[in-house]
Every structure is written in structure tokens, then in C-alpha cells.
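Examination of the molecular architecture
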Amino acid sequence: MDSAAKDKMKPTIPPGSSCPGPEWPEQERAEQLARGAALKWASGIFYRPEQLARLGQYRSREVQRTCSLEARIKSVVQSYLEGVKTGVRQLAQALEAMQGVREALSQAHGLLRGMAEAAQTLEPLREQVVQHKQLWALSQLLPRLRAVPAAVAHTQTLIDAQRLLEAYVSLRELEQLQEETWAPLGGLELPVFEGLGPLAEALGQAVEAAAGAAGRLAREDPALLVAAVRVAEVDAGRTTSREQAPRDWRQRCLRALQEGLERIHFGTLPQPGPGALAEWLEALRVALPAELATAEALVAPCCPPQYKVVQLWAHTLHSSLRRCLQQLLERTELGAADTFTLLHWALHVYLGPEMMGSLELGPEADVSHLEPLLTLENVEQLEATFVAEVQASVTQWLQKALDGEAAEWGREQEPDTDPSGFYHSPMPAIVLQILEENIRVASMVSESLQQRVHDMALSELSAFLRSFSDALIRFSRDHLRGEAMVPHYVPYLLATLNHQSALSSSLSVLQPDWVAPGALAPVEAALDELQRRICRLVLEALLLELQVRLQVEVGVRVGDTVYYEESPRGMPGLNRLSSRVYDPCSQPLFAALPSRQWLSSPELLEGVCERTARFCQDFRHVRNPAVQVLWGERLGRGESTHGKGVQDPFDRAPCSCCWRRRSVPWCCSIYVR
């Protein structure tokens, strides 16, 4: 290195300073501290005059120290300069190497550019080489390619003859040949293989058709079913070098099994009509267990274990039946009979020992995880429909029973009697039988439906009792007004009292153990009210009879004749009472019963007692306890009506006839207190 370069590398020292100028604030501060420390040291040493004598020593020592420091600094700087020199030399060598590499890369780039130009000139040759390889491969495969059309036709013949395994082997040979030609030809498809796609689809359809008829084939031709399943299983493990979508014949086979079951048993829904649904469900009750038995005994041995044929059969039949019933409920309005049949079949028969609950059905069926055949909403809807239909029918039946009974009241004959001599009619038994039978039928389905029908039955019975009471009122009103004269008015009133008694005594059939106490209270109250109304009607008939009799026998005759027509026995009343001249101011003597006018007449009182006794002859046809209630009603009515009008003078009224007969003891209680 020359002297000029060395001078450039030396640090520049500013004038008046022995060290380089500060390049950083820390350096300047350190320099100030050093100077301050030196001044302090010098002022301390030379503070005394006697120490000035050693000034030369201090000077020489500091000179030595300064020289030592300069020598050390020069040594460090020299080492630094040598390192810099070495680095500069190495950098120069690296620069020379990089220039050499750059020149080599430029040469290589040029060579590569020349080779690319040469490769472009060889591209036609390369294409000719590829074509030569393809032609060579075709020349090698040409004998086999010529046989492809015949092989395709032969495979189609095998498919038509349902020789599925042989057809699949032939198809795989053709596909293998196609793969062998596909790779050498660079993915080029030869026209000779265009028929392989339709051929494979035809074989897949044949396999699918065989699986769809698995139940029939398992009985008639199990070999064909086994062949179809084996073809589907072998094809599932097929691998190919070509990018083709999997045929997935196994899944198609399983779907065909399910669709075949649905088509056989649930292809058509039952047509609306009487008994159509019951016949369809009965056919299913016989067919489904037979189908499961066939699957377990015949179809399962023809299929691999992973197919789980019995479980597949059970779940397919269940899901198809469930979907079929949903469609049936959506499109058809079921009547009461069909609703009951469907509910009973779905909740009891289907899950019973005859079908899904059969002990012969093995655990492979896995029926414990099946969904309910009818959802809760379906059951709720069907129960509501059944109750509404039954209620309409019960209302109609009860109305017919009431109309028939009311028509009997106008007959010329007296009411029918039983062997014991009591008035009898089948109407109470019919009413209770209708209600009890509907409750019993509902109990065959579920407790909820039984409770609903029971509540409906009580409601309808209450409504029937109200209608019965209204019919009695119309019957009595028409008779008393003369619009419809009834020959045996009172006997039929007494017969209705027996009807009420029969209903009351048999009401327990509508109160089984599961019914809450007090559920029959409204019906019992309606029966009591009906009983009181009948008793009032009978009492009013008696009062009217006595009133008319007194008017005829002791009434004031002004100027003409009063006509009286004797009524038949058992009807104590008048069919016609008319007067052409009658004093309108005269009040019926019965309004002041008992009256001094007739109590003072033994003959008149005797006639009243005889009339009353004859009126009460029909009471023997009334059953207990209704007859006791009737006697009590008579006594209560007599005391309440006439007790206030009886004074001490009437206690001595001559009623020896009643006391002697004792046939109508309550009559004396009316007239003699």
C-alpha cells in the first residue's frame, strides 16, 4: 500500500487537540470528565510549594505513560489496518471469482438457447416416434381388436340369457383390453369400444332387476340371485387406471331390493270403500310375516353377511308402510270403522305376536329401533276423528230410539210388561248397550281413546235425557190441549218412570274402576230431574182428573147439559168435557180442595176416593224404588197444596171408605189430616 493511501487511512486530529474529535455525545462527555479528573489531580499534587520540586519526576512519568499509550494505540491500529487489508484482498478475489462465474453463466445460457432451437427442429421427429409406438401397439393388439364387436354381441347375448357371471367376465375382458390400448394410445378412445358403456349399463340393469325380484328368485331360481349379488360385489372391488366414475352396483342392488319390496306390497293404496282398508291391512298382516320369513330362510343365504338382509327387509317394510299410511291419512277421510281398524291394527296387531312381535323373528331384524308406525299427531288426529264419527252415530241411534219410544206412547194398547208385571221397554237397555259397546270398542285401542269415548258417552246420555224430558213435555202438552188424545196417557207416564229407574240402576256399567269419582254426577242429576218431572206429570194428571170429576158431579149447571164421556181403564181422565152454557164466574171447586161443599157430602167424598183408588191401580206396574218416590211425591204434593186449607172442622170428615180399604192410604192423608 502506498503512502497516499496510508495517509487517507489515518484519523484526522483537529488543531489544539491531542485526540480525535468526538463523534458521539458520550465520547465528548467522557473526555470532559477525564480532563476534570486530571485537573483535580494536578491541583491536589501541586497545592504545596514543596511538591513543585518533584514536577520533573511527574513530567517524565507522564511522558513515559503517554509513550506507552501511544505505542499500544499504534499496535491496535496496525492490527486493525492489517485486518482491513486482508478483507480488501479477499473482496477483490471474490469479485474476480464472480466475474468468472458470470462469464460461465452467459456461456451456458447461450448453449441452452441453442439447444432449445435444436429441440424445436426435432419436434416433428418426436411426433413420428409417438405415432410409430402407437402403430406398433395397434399392430400387436390388432387380432384382439378385430374380435371386439363379436365379443360385445356375445356379452349382450349372455345378459339376455341372464347368465350374469359369464357376461361380467366377458365385459371385464373387454374393459381390460380397452385399458391396454388406452395407455399406449395416450388416452385415445377407439371407436370399437363405444359399445362397452351401454353394455355395462345393460348388465347393471340386469343385476338390479334380479335384486328387485329377490323374494321370488330365492324361491324359484336362487342361482340367478346369487350371480347378481356376486357380480355387484366383485365389481365393487374393481380398480382401473382410467379416470372413470365408479358404477356402484352394490348400492344399486340394495336400492333395488328395497324398491322391489315397496312395489310388491305397497304399490297401490287401498281405494275408498266399505271394508277396503280392513282387507288391505289383513292382507298385510298375512304377507309381511311371510316376507320376513322368506328373507330369513331363503334370501339371507344368497347374500353376503354385510347386507343384513333380515334387518334390511324389516326396516324397508316398516318405512314403506309408514310412508304409505301417511299418504293414506293425507288424501283420504276415514270413517269410524276404518279409523278404528287402522288404530287397532297399528297399535296392537302390527306390534303383536302375529307380526313384528313374533317370537320366530330373530334378533337380526332389529325391530326394537323402528320408529312408531303412527306419529303422536296421527294418533291424536285419528282418535279425534273416531270420537267425532262415533258421536254423530250415537246421536243418531239415540234419537231413533227416542223417536221409536215416543211413537209407542200413542198406541191403543197399554205399555208392554215383563213377566213380573212391570211396565217394560227395551229402550233403556238399547241406550246403555249402545254407549257401553262404544266404550268397550274404544278400550281395544288405547286408554286415551277409551277416556274420550267415555266422556262423549256421558255427554250424549245427558243430552238424551234432556231430549227425553222435552219429548215428555211435548207429549203431555199435546194430550192436555187435545191436539193428540192418548188413550193410555198415565200408564205410559208410569212406563217412562220405569225407564228412568232402569237407566239409574244400570248406570254403573258406565263407571268402571278407572273412572274418577263424580264423573257420573251430571248424568245422575239429569236422571233425578227426569224422575221429578215424570212424577209431576203424573200428579198433574191426577189433579186434573179429580178437578174434572168434581166439576161434573157438583158443578153449577145453569141452563144446559154437561157432557161427560167415560175414559178407558188405566186413563183416569176425560176425553171430552164441554158445556154449551157454563157460568164462567164459577171457579173449580178443586182450587179450594178440600171444600166444605164436597167434604160435607159422603157420597161425593166416596166418589173421590174411588176415583183416586182406580187412578192408583196402575202403580203396581212401577218398580221400586221409583214407586216409593212416586208415593212420596204424591204425599208431599198433597200436604203442601192442601195442608193450609184444612182446618179443625175437616178433621171429622167422613172417609171411612179409604180407611176400610187401605188401598190408597195416602189419599186419606190428603183429605184427612
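Details of the structure are given in the entry above.
First things first, this report covers the structure right here in the doc.

What counts as what
All residue numbers refer to positions counted from 1 along the written sequence of the respective chain. Per-residue local features are limited, in this predicted model, to residues with pLDDT of at least 70; the limit for side-chain atom pairs, both in listing and counting, is 80 or more; totals at the level of whole chains, interfaces and linings are taken over all residues. Values shown for side chains rest on all heavy atoms present in the structure; no hydrogens or waters enter the calculation. The aromatic pairing rule takes the rings of Phe, Tyr and Trp, using the six-membered ring of Trp, and pairs them if the centres are within 6.5 Å, calling planes under 30 degrees apart stacked, those over 60 edge-to-face and the rest tilted. Only DSSP runs of H or I reaching four residues or more are called helices, and only runs of E reaching two or more are called strands; each is numbered from the N terminus. Only protein chains enter the accessibility calculation, which uses a 1.4 Å probe; a residue is then buried when its area is under 20% of its type maximum, exposed when over 50%, and partly exposed in between. We count a charge as sitting over a ring when the NZ of a lysine or the CZ of an arginine lies within 6 Å of the ring centre and within 35 degrees of the ring normal. One less than the residue count of a helix, multiplied by 1.5 Å, gives the span that helix is expected to have. Should any heavy atoms of two residues lie within 4.5 Å, those residues are considered in contact.

All right, on to the packing of aromatic side chains then. What the rule picks out here adds up to seven aromatic pairs. Ring geometry for W409 and F475: centres 5.0 Å apart, planes at 50 degrees, overall tilted. A residue pair is termed long-range when its members are at least 10 positions apart, and W409 in the loop between helix 13 (376-408) and helix 14 (427-443) and F475 in helix 15 (residues 447-481) qualify at 66 residues. We note that W409, like F475, is buried. By the ring-pair criterion, three or more aromatic residues cluster together here, those being W409, F464, F468, F475 and Y489. One cation-aromatic arrangement involves R247 over W249; the distance from NZ or CZ to the ring centre is 4.8 Å.

Another aspect to go through is helix 13. Spanning 33 residues, helix 13 covers 47 Å between terminal C-alpha atoms, matching the ideal 48 Å at 1.5 Å per step. Every buried residue of helix 13 is listed here: N378, V379, L382, E383, F386, V387, V390, V394, L398, A401, L402 and E405. Along its buried surface, helix 13 packs onto helix 11 (309-331), helix 12 (336-349), helix 14, helix 15 and helix 16 (489-505).

Right, let's get into unusual backbone geometry. The backbone phi angle of D248 is positive, close to 55 degrees, even though this residue is not glycine. Mapped onto the elements of the fold, D248 is located in the loop between helix 8 (222-236) and helix 9 (249-266). With a relative accessible area of 42%, D248 lands in the partly exposed category. The backbone of K308 sits at a positive phi, close to 50 degrees, despite the residue not being glycine. Relative to the helices and strands, K308 is located in the loop between helix 10 (276-299) and helix 11. Given a relative accessible area of 53%, K308 falls into the exposed group.

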